[in-house]
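Summary of the model geometry
One-letter residues, chain by chain:
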Amino acid sequence: MEPRHPPRRHCDPRSYRRPHRHPGPRSCAELGSPAVRGAADPAAEDVRAGRVPAPTPSRRWRARPDRRPWDCGCSAPCTPWCCSGKRRTWPCTTRGRRWDDPGAAWEPFRRAVAEHPDHIAGWMRRPPQTNEVGRANQLIAGLLAVTDALGLPEPPPVRLLELGASAGLNLRADRFRVRAGPGGREFAWGDPGSPVVLDGAWRDGAPPPRLATAAARVPAPVVVERLGCDVDPLDPLDPADALALRAYLWPDLPHRAERLAGALALAREVPARVVRQGAADFLAGTELRPGTLTVVWHSVMRQYVPPAEWSRAEAELDRLGRAGRGPGSGWFAHLAFEPRRVGGVHRFVLTARLGDGPQEVLAEAHPWGLDARATETTALDG
Ligand SMILES: C[S@@+](CC[C@H](N)C(=O)[O-])C[C@H]1O[C@@H](n2cnc3c(N)ncnc32)[C@H](O)[C@@H]1O
């Protein structure tokens, strides 16, 4: 299936053409994908030698202040891997594959490039788009913590609003099952029959005490609204968009694919809406509702928002925080799972702010939201 969106040029070929200037492979290895790590070097070689097409960057991509060849380094080898759907030229599953052999990934990919150049070129020109369901682990932990912190006899109904929601899969996070320890023996929260099971959620078998207490006190938040925004929203019910989400997952990480498949199934049962809008404009049109807890959350999107837009978004978050004064006005919380600099190092941390109170750092986790742990971090750089 070809991409539904008009192709957009997104990658900077210079990142490939300069030897050793594509940090993508290193990131892939750190994130645990030996297949993509193994493919990236021969891929870069072939691009440099002109044996496979190198997409050229769009003006929009070049203008991005944080532009890095990361997306490109990772996605170029893996984008068309799985997205070919019915084509069998390269691995769509990990079954029976030995990913410790670098050629296992790149050789089938090269064959596919040779056999279906137009198909590949179409996919490589669109920006990578993911929706990582594991991050719901952190968002939901934050939601339970702020709900509990209200100290009410009954938790109020929750309005979930997400910035950079992608396909809006995490707007159904309250319907996921979160587990830690083998088979969830040490910690489990959420619907035991959920098609989305987030295993290995907490590194030490259970969340830090405060979050574990909140999880016990708030076993099933009542969500009355699910609304997100994204500059490039995907529709999880559209087969082409679902395929795109699948395509950008690395093929040697089957748990990610299982989480995604479960979330796509859940999306058919639990409606949520994602509007095509930037974060600041979306927040500018947001008001609280009496008797409800309005939660604005986001994960790994902050770095894509231009600085001026983010300043506006922060001003709107402050406005909503000041407005959230209790049942008459409604309550407000802002949750973020984002890479932040801590002592000069990037870490993925969960922060929470209730009303206009102080921002708290609740936990940190793997970039995909799992293997989370308590954090000693209280001060973020900037
Ligand atoms: C890396 S994805 C993360 C998606 C999702 N939050 C997750 O954690 O899986 C970043 C998302 O931010 C969106 N995005 C980028 N700039 C944005 C902006 N200014 N306002 C809203 N969304 C934006 C992108 O389209 C993309 O869907």
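Below: a short report on this structure. (Residues numbered from 1 in each chain as written. Predicted model: local features only at pLDDT ≥ 70, side-chain atom pairs only at ≥ 80, totals over all residues.)

**Thoughts on the site of the ligand**
- Neighbouring the ligand are 20 residues, the closest being G164, S166, S299, M301 and Y304.
- A per-class count over the shell around the ligand returns 8 nonpolar, 7 polar and 5 charged. (Near = placed C-beta within 6 Å. Nonpolar A, V, L, I, M, F, W, Y, C, P; charged D, E, K, R; others polar.)

**A few points about the pairing of strand β8 (residues 331–342)**
- Where strand β7 (residues 293–299) and β8 come together, 7 bridges link them in parallel fashion. Of the residues in β8, the one forming a bridge with V296 is H334.
- Running through helix α13 (residues 307–323), the crossover from β7 to the neighbouring parallel element β8 is right-handed.
- Where β8 lies against strand β9 (residues 345–354), 10 bridges are found, and the strand directions are antiparallel. In the sheet register, A333 faces β9, and the bridge partner there is L354.
- Taken together, β8 and the strand that follows it, β9, pair antiparallel across an intervening segment of 2 residues, in which G343 is found at a positive phi of about 55°. (Pairing = 2+ DSSP bridges. Helix = DSSP H or I, 4+ residues; strand = E, 2+ residues; numbered from the N terminus. Right-handed = clockwise from strand over helix to strand, strands pointing away.)

**Side note on the environment of V305**
- Here V305 shows up in the loop between β7 and α13.
- With 20 C-beta atoms packed within 10 Å, V305 lands in the buried category.
- Along the backbone, V305 and A280 are 25 residues apart, and their C-alpha atoms lie at a distance of 9.3 Å.
- Among all residues touching V305, those that are not within four sequence positions of it are A279, W310 and A313. (Buried ≥ 20, exposed ≤ 12 C-beta atoms within 10 Å, placed from the backbone. Contact = placed C-beta atoms within 7 Å.)

**A word on the sheet that holds strand β4 (residues 197–198)**
- One open sheet holds the 3 strands; their spatial order is β3-β2-β4, and the pairing between them is mixed. Each edge of the sheet is formed by a strand with only one pairing partner; in this case those strands are β3 (187–189) and β4.
- Relative to β4, strand β2 (residues 177–180) runs parallel, the two sharing 2 bridges. Its bridge partner lying in β4, V178 is registered against L198.

**A look at the sheet that holds strand β6 (residues 273–276)**
- A sheet is described by the order of its strands in space; here 7 strands give the open sequence β6-β5-β1-β7-β8-β9-β10, paired in mixed fashion. For this open sheet the edge positions go to β6 and β10 (360–365), each flanked by a neighbour on one side alone. Each adjacent strand pair in this sheet contributes to an overall mean axis angle of 25°, direction not counted.
- Relative to the sheet, α13 contacts β7, β8 and β9, its axis offset from that of β8 by approximately 140°. (Axes fitted to C-alpha atoms, helices over the stretch in contact; angles between N-to-C directions.)

**Quick word on helix α11 (residues 254–269)**
- Its 16 residues place the ends of α11 23 Å apart at the C-alpha level, agreeing with the 22 Å of an ideal helix rising 1.5 Å per residue.
- Buried residues of α11: R256, R259, L260, A263, L264, L266 and A267, and no others. In a view along the axis of α11, the buried residues occupy a sector of 165°, so they form one face of it. Turned more than 90 degrees from where α11 packs its buried face, R268 and E269 sit exposed.
- Contact partners of the buried residues in α11: β4 and α10 (239–247). (Expected span 1.5 Å × (residues − 1). Arc of directions from axis to C-beta.)

So yeah, pure geometry; function would need other evidence.
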